[in-house]
Amino acid sequence: METFDKVKWMHLPRDVLIGHGVLEKIDMVCKHLEVGKRALIVTGTHTRKIAGGRVLEILSDAGYEINLIEVSSINGEKIEGVKKMAAEGKAEFMLGVGGGRIIDTGKIASFELGIPFISVPTIASHDGIASPRASIKDKDRGSPVSIETHAPLAVVADTEIIFSAPYRFTAAGCGDILANYTAVRDWQLAHHLRNAAFSSYAAALSEMTANMIMENVKELRKKDENSVWTVVKALVSSGVAMSIAGSSASASGSEHKFSHALDMIVEKPALHGEQCGVGTIMMSYLYGENWQRIREVLKEIGAPTTAKELGIKDECIIEALTSAHKINPQRYTILGDSGLTYEAAERLAIVTHVLD
Ligand SMILES: [Zn+2]
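On a predicted model such as this, the values are computed, not experimentally measured, just so you know.

*Asks:* Give me the sheet that holds strand β8 (residues 154–158): which residues, what numbers.
*Replies:* The strand order across the open sheet built from 6 strands is β1-β8-β5-β4-β2-β3, with neighbouring strands paired in parallel fashion. Looking at the sheet topology across the chains shown, the edges are occupied by β1 (15–19) and β3 (65–70). Direction aside, neighbouring strands of the sheet carry axes that sit 15° apart on average. Pairing of strand β4 (residues 93–98) with strand β5 (residues 117–121), which is carried by 5 bridges, proceeds in the parallel orientation. Its bridge partner being in β5, G96 is matched across the sheet by S119. The strands touched by helix α4 (residues 100–113) are β2 (38–43), β4 and β5; relative to β4, the strand with the most contacts, the crossing angle is about 170°.

Structure below.
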């Protein structure tokens, strides 16, 4: 008799607080989570002024024993530094206050120490704010793509603070969310052709999240705090979909491979979400989907849709398209195992107006 041996373990954020001025409630969140009294704040020089310092103040006033460390970039050495400081201060939990690199540094360090992590984003540029994944471009740690860590135990996203950051970041966040469309198509394809594990629940949530952007373009165009609110909610929802999926497959497919390839080729890449948005236009074309609509929405939101707007040379776009399939090859996508030929890549970029 065949035995039943399926197991599914989902790690989801427990408390998610989004909205105007919610940073002031950080002590209540920590209290509610019952994560202890000693913590380490990971922040940056700039983000310390914006929010990190305030978090330190609030938690110290509330009787927490808090240390703070500033990190400027993400690499193995910085992560070890954070872990060392957390261990010295006997930190029982960690908070990441800042942009993607800071959140990811805190996420990886806390994961490796086995202590809870609270995500306090100051920009809304990508879906790592609530996901169990972290990006680190460090050869020692294996992957230029993303690694599995743990989901933040809580997310505290203050729309007032995020709204004060340049709008470009929020527009990039929309690109990272629209990527869910092609990511889910790739995931289905991998399921059908390679028997990849597939979760219809995660796929549906991921697509629904992308719909939130498509359906709210008019609102998003206002570029006000309400736009930030919509994007942050969608980013959290996309991160939760990844937790349900148990991988990044619901939010990262061929369009992300294209972006990761660009990161490796170009000296000064554009923002992750911006590159993923442009990748989504092109991969939607390959799927015979409505790529024009994706392009229109990105344009309306104010995100780049061309190589020129990304500030990337035409030949780098073609090179990224022809080499993207080599990134994370175990994840099967529409790019297949052999990728696009030079001619096909060139045509794809031209018909979708990425190149003129
Ligand atoms: Zn992404």
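*Asks:* Describe in detail the pairing of β5, supporting the description with residues and values.
*Replies:* Counting buried residues along β5, 5 of its 5 residues qualify, which places the element largely inside the surrounding structure. What you see with β5 is no split at all: F117, S119 and P121 on one side and I118 and V120 on the other are buried throughout. As judged from the 2 bridges shared by β5 and β8, these two strands associate in the parallel manner. Bridge pairing in β8 places I118 opposite A154.

*Asks:* How would you sum up helix α3 (residues 76–88)? Please name residues and give values.
*Replies:* Here α3 spans 18 Å end to end across 13 residues, near enough to the 18 Å set by a 1.5 Å rise per residue. Regarding α3, the residues found buried are K78, I79, V82 and A86. For α3, the angular spread of the buried residues around the axis is 100°, confining them to a single face. Exposed and oriented more than 90 degrees from the buried face of α3 are E77, E80, K84, A87 and E88. Of the surrounding elements, those touching the buried residues of α3 are β2, β3, β4 and α4. Just downstream of α3 lies K90, where phi reads positive at about 50°.

What counts, and at which threshold
- Residues numbered from 1 in each chain as written.
- Predicted model: local features only at pLDDT ≥ 70, side-chain atom pairs only at ≥ 80, totals over all residues.
- Pairing = 2+ DSSP bridges.
- Helix = DSSP H or I, 4+ residues; strand = E, 2+ residues; numbered from the N terminus.
- Axes fitted to C-alpha atoms, helices over the stretch in contact; angles between N-to-C directions.
- Contact = placed C-beta atoms within 7 Å.
- Buried ≥ 20, exposed ≤ 12 C-beta atoms within 10 Å, placed from the backbone.
- Expected span 1.5 Å × (residues − 1).
- Arc of directions from axis to C-beta.

That's the geometry; what it means functionally is another story.
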